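Remarks on the overall topology
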Amino acid sequence: MISLDCAGFTYHGAVQPALGRVRIQAAAGSATAVVGGAGSGKTTAARLLAGHLTGAGRLVGALRLDGAELRFDGGADDPSLDFARWSEVVGFVGQRPRAQLSGVKDTVADELAYALENRGVPRERMVVQVRHTAELLGIAELLPKSPLQLSGGELQKTVIAASVIAGPRVLVLDEPMSGLDAEARKSLAQLLDVLLGEGLALVVAEQGLQGYAPRAAQVAVLDGGKLVLEGSWREVAASDRLARLPVNGNPYAELARQAAGLGGVGAGGARAAGPEAAALEAAALPLTESEALRFFAGLRPAAGVRVRPVRAAAPGLAGSVPAHDGPAATLRGVTFRYPPPASAWTGRVRRRSEPAAGRPALDGVCLDIPRGRRTAVIGANGAGKTTLLRHLNGLAVPQEGTVDVGGLRTAGHPVGELARCVGYLFQDADSQLFQRTVQREVEFGLRSQGASKAEAAERAAAALERCGLGAVAGEHPFELSFSDRRLVALASILAAGPDVLALDEPTVALDKAGLSLLAGLMREEAAAGRAVVMVTHDLDFAVAQCDDLVLLRDGRLADRGPVLDVVQRLFPAGEQPPEGLTAPLLWKLAEQLDLQPAALTSEAFLAALRSS
Amino acid sequence: MIAGGRADAGGLNPLTLLTGAVVVVALTLLVDAWQFSAAVLAAVLVPALVLSGRHRRILAAAAAILLPTLLSIALINVFFYPEGREVLLAAGPVRITAEGTWFAVAMAFRLCVFVLAFLIFSFTVRAEHLTAALVARRWNPKAVYVLSAALRLAPDIASRAGDISAAQQARGLVIRGGAVSRGRALLMLLVPLVVGLLSDVDERARALEARGLGLPGPRTSLTEAPDSPAQRRFRRSALLLLLLFAVLWIGWRWLR
């Protein structure tokens with residue numbers, strides 16, 4: 001149906017090619033996942049397939065669509081791609097869905113109809129087609145809504161529906177799942193399945209293997225612009241080579257590998273013993289929950305033995321800070337309501353996850369944020385997580401109750417002043433970056449807090465180094481990958497060394513390298529006595545990397561305490577998890593293996609397994 | 001000042017509203033008498049303002065435009081009107097003349113009519129309906145796009161500016177009540193705001209082209225602008241009568 005056969009692609013003005021030898025293809029009714037970490041070239045490959053880039057650089061290779069071939073030699077007499085005609089067949093959904101809205105439509109229905117309007121489809125037929133597409137893709141209830149009021153997942157679905165309604169036969173998507181919570185991911189995957197069922201060919205570029213890739217017929221892994229791994233999802237997920245790439249892999253396979261590495265597993269020594277042994281091991285690696293259950297059950301010395309709860313507590317953190325220091329932030333009886341959503345007139349659009357008018361976003365919350373510990377705030381969509389975080393640096397001020405941070409009452413102090421004690425990482429990094437270079441971006445906070453030019457430059461360079469961005473200090477933030485842009489935003493707040501780090505969904509969009517960097521930085525900051533607070537949907541990351549959990553439900557504080565205690569209360573054995581939450585993967589696995597009560601880190605899990 | 005309308009103009013076609021605004025403004029220009037402007041204000045625009053249901057917003061916007069303009073008109077014409085003969089008050093180079101004062105009054109009324117007519121139109125018209133009406137009249141699709149994008153620009157800019165300002169403050173930019181501090185904050189906002197708007201342009205242009213903005217041929221629209229035979233008759237006859245009046249009025253003035 002569609003294929004890219006690339007021998008090399010270099011952006012105009014760039015020295016290094018963005019893409020080397022890469023071959024990607026997708027057939028009608030099947031999906032191809034293009035997987036890679038930040039800067040792997042997956043976005044470039046996706047955009048080439050979508051016909052976006054043939055004028056933006058020098059391509060050597062061929063694009064094929066429906067049997068027709070466009071061959072490029074990188075010379076002046078290369079064919080030119082007629083984008084209007086190409087996009088009739090190949091639809092594209094990029095990383096920033098909001099930028100792909102028409103910007104001139106007041107409702108989702110009108111947004112969907114836009115491509116039909118431009119083709120002069122009569123109104124009666126248009127009404128039928130819009131309804132049909134919306135029902136097919138499960139977004140009929142969104143039709144009367146304003147595109148500006150949609151949640152991340154709803155927006156993504158709307159943009160997809162709007163680009164498939166005119167009937168392209170290929171859809172290319174660039175990281176469609178990043179930034180979405182588990183529920184939204186699941187529902188987006190179902191939507192993509194429907195498109196496959198309709199016979200579309202899908203090309204999905206992703207950071208890791210656990211997004212849409214498991215449903216793809218073919219997975220291509222890129223690294224440094226080159227195709228390094230190719231095959232079915234099973235082959236790729238179990239591949240030994242994958243473990244060495246900056247790609248978020250399969251958690252069960254990684255755990256099994258770890259088990260093998262720790263010894264006690266027959267396959268342990270086979271890893272370096274040549275291709276055959278590796279293939280044997282790869283075939284045995286568990287990739288799904290049920291396979292993992294079988295795999296680990298087989299590793300136990302004796303089934304049925306119960307072990308004590310084990311969790312590798314964050315080593316050396318608790319107690320590293322004198323108790324008399326008191327909490328870094330205190331919330332007392334905090335109640336907050338958003339003003340009623342106004343129309344587009346005032347520009348104040350209901351924030352994506354704000355609760356419906358009437359119910360307070362926060363309702364009488366009392367909470368201490370301790371120093372030297374990492375606290376994760378969890379809860380379903382609209383539970384008030386981000387609103388709570390915004391109270392820490394005064395972006396939101398309680399209507400009832402008080403918030404004290406670093407000895408200052410937030411009401412009565414401008415946000416800019418509170419920024420001395422609180423570093424805030426926004427969920428949308430792009431609205432947080434506003435300087436010409438990465439270096440200046442990180443210096444901004446330091447300069448506004450009165451640091452001299454030399455001091456700011458020095459501290460910024462150190463922060464960039466800590467975030468692994470030393471090499472890109474001179475570049476424009478928007479030139480960087482999604483993952484690196486978030487790290488720039490993180491560096492910009494680390495540089496100032498605030499007492500409290502407030503991180504809104506910090507794991508979103510990070511690749512494997514970024515995630516382990518984030519975990520390390522959180523550990524260091526907490527060890528230095530700072531309070532780290534993160535809002536997250538990623539419960540697996542939270543239970544592995546945080547000390548405390550805070551659960552919000554409908555704006556109220558529903559539970560709080562050390563991670564293991566809260567997880568035990570939230571996910572008791574044999575019961576359905578609370579709405580909007582999924583039990584941590586290791587917890588579920590351990591529970592089903594009867595390692596009860598179970599472990600939360602892979603080390604603890606394996607220790608429990610061995611001693612059981 | 002341009003509104004991304006959601007108000008419901010009570011089933012009025014945007015072109016009916018536009019015709020009304022054009023007739024009011026043209027008549028005021030033609031007749032050119034403060035009494036007439038005042039009558040139009042009282043008899044047409046004030047009732048329209050009340051009926052619009054958005055009088056607060058419209059008046060706030062009108063005040064923002066009119067107050068500085070009216071003040072400068074008053075200063076220039078009341079005090080420095082060279083053609084003025086009937087001096088009411090003189091102090092050094094400053095002469096307040098009757099002619100200058102009347103001229104300022106006439107200008108002020110006329111300006112009020114223009115601004116209010118424009119604001120009532122733009123605050124009551126639904127952008128979606130205006131687009132549909134223009135599409136139905138086979139306007140150039142790109143021109144229609146630019147117009148409807150402009151009608152929605154203000155809310156988009158406001159929401160982005162809010163995000164950027166929050167990010168800057170979260171990193172230590174202190175904005176205090178004073179004019180200097182606010183002015184500085186505004187300057188710091190401008191560059192990232194424009195860069196942000198531009199960075200979306202490329203992406204949006206691609207998406208629009210992929211969805212057929214550049215295709216040749218006639219357009220249709222999903223939303224139908226409300227219309228009725230009575231409104232069509234009103235538009236036709238109002239424009240015809242306006243033309244007739246203009247010919248007669250100019251002819252009569254010329255003959256005199």
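The structure we're discussing is the one just above.
Figured I'd write up the structure that's included with this text.

Basis of the calculations
Residues numbered from 1 in each chain as written. Chains lettered and ligands numbered in written order. Predicted model: local features only at pLDDT ≥ 70, side-chain atom pairs only at ≥ 80, totals over all residues. Heavy atoms only, no water. Contact = heavy atoms within 4.5 Å. Buried area = accessible area lost by both parts, 1.4 Å probe. Salt bridge = Lys/Arg side-chain N within 4 Å of Asp/Glu carboxyl O. Polar contact = N/O pair within 3.5 Å; in protein donor to acceptor, adjacent residues only side chain to side chain. Pairing = 2+ DSSP bridges. Helix = DSSP H or I, 4+ residues; strand = E, 2+ residues; numbered from the N terminus. Axes fitted to C-alpha atoms, helices over the stretch in contact; angles between N-to-C directions. Buried < 20%, exposed > 50% of the residue type's maximum accessible area, 1.4 Å probe, protein only. Phe/Tyr/Trp six-rings, centres within 6.5 Å; stacked < 30°, edge-to-face > 60°. Lys NZ or Arg CZ within 6 Å of the ring centre and 35° of its normal.

Each side of the interface is counted separately: chain A has 65 residues, and chain B has 55 residues. Across the chain A to chain B interface the summed buried area is about 5,300 Å²; carbon plus sulfur atoms make up 52%. Counting the contacts that link chain A with chain B gives five salt bridges. Our count for the chain A to chain B interface comes out at 23 residue pairs in polar contact (both at pLDDT 80 or more).

Okay, the sheet that holds strand β10 (residues 226-231) of chain A next. Residue and element names in this part refer to chain A. One open sheet holds the six strands; their spatial order is β6-β7-β8-β3-β9-β10, and the pairing between them is mixed. Each edge of the open sheet is held by one strand with a lone partner, namely β6 (90-93) and β10. In this sheet, neighbouring strand axes are inclined to one another by 15° on average, regardless of whether the strands run parallel or antiparallel. Summarising the sheet, strand β3 (residues 31-35) and strand β8 (residues 201-206) pair through five bridges and their orientation is parallel. Of the residues in β8, the one forming a bridge with valine 34 is alanine 205. Along the sheet, helix α1 (residues 42-49) contacts β3, β6, β7 (170-174), β8 and β9 (218-223); its crossing angle with β8, the most-contacted strand, is approximately 155°.

A few words now on the environment of B:Phe103. All names here are of chain B. Relative to the assigned elements, phenylalanine 103 resides in helix α4 (residues 98-124). Overall, phenylalanine 103 belongs to the partly exposed group, its relative accessible area being 34%. If sequence neighbours within four positions are ignored, phenylalanine 103 has contacts with Asn77 and Tyr81.

For the structure shown, the criterion picks out nine aromatic pairs over all chains. Geometrically, the ring pair formed by A:Phe336 and A:Tyr338 is edge-to-face, given 5.0 Å between the ring centres and 90° between the ring planes. Here B:Trp34 and B:Phe109 contribute two aromatic rings whose centre-to-centre distance is 5.9 Å and whose plane-to-plane angle is 25°, an arrangement assigned as stacked. Residue B:Trp34 is located in helix α2 (residues 34-52), and its partner B:Phe109 is located in helix α4; the two are separated by 75 residues in the primary sequence. Three or more aromatic residues joined by ring pairs form one cluster here, namely A:Phe295, A:Phe296 and A:Phe605. Over the aromatic face of A:Phe83 sits the side chain of B:Arg206, whose NZ or CZ is 4.7 Å from the ring centroid. Here B:Arg256 stacks its cationic end above the ring of B:Trp252, 4.7 Å away from the centre of that ring.

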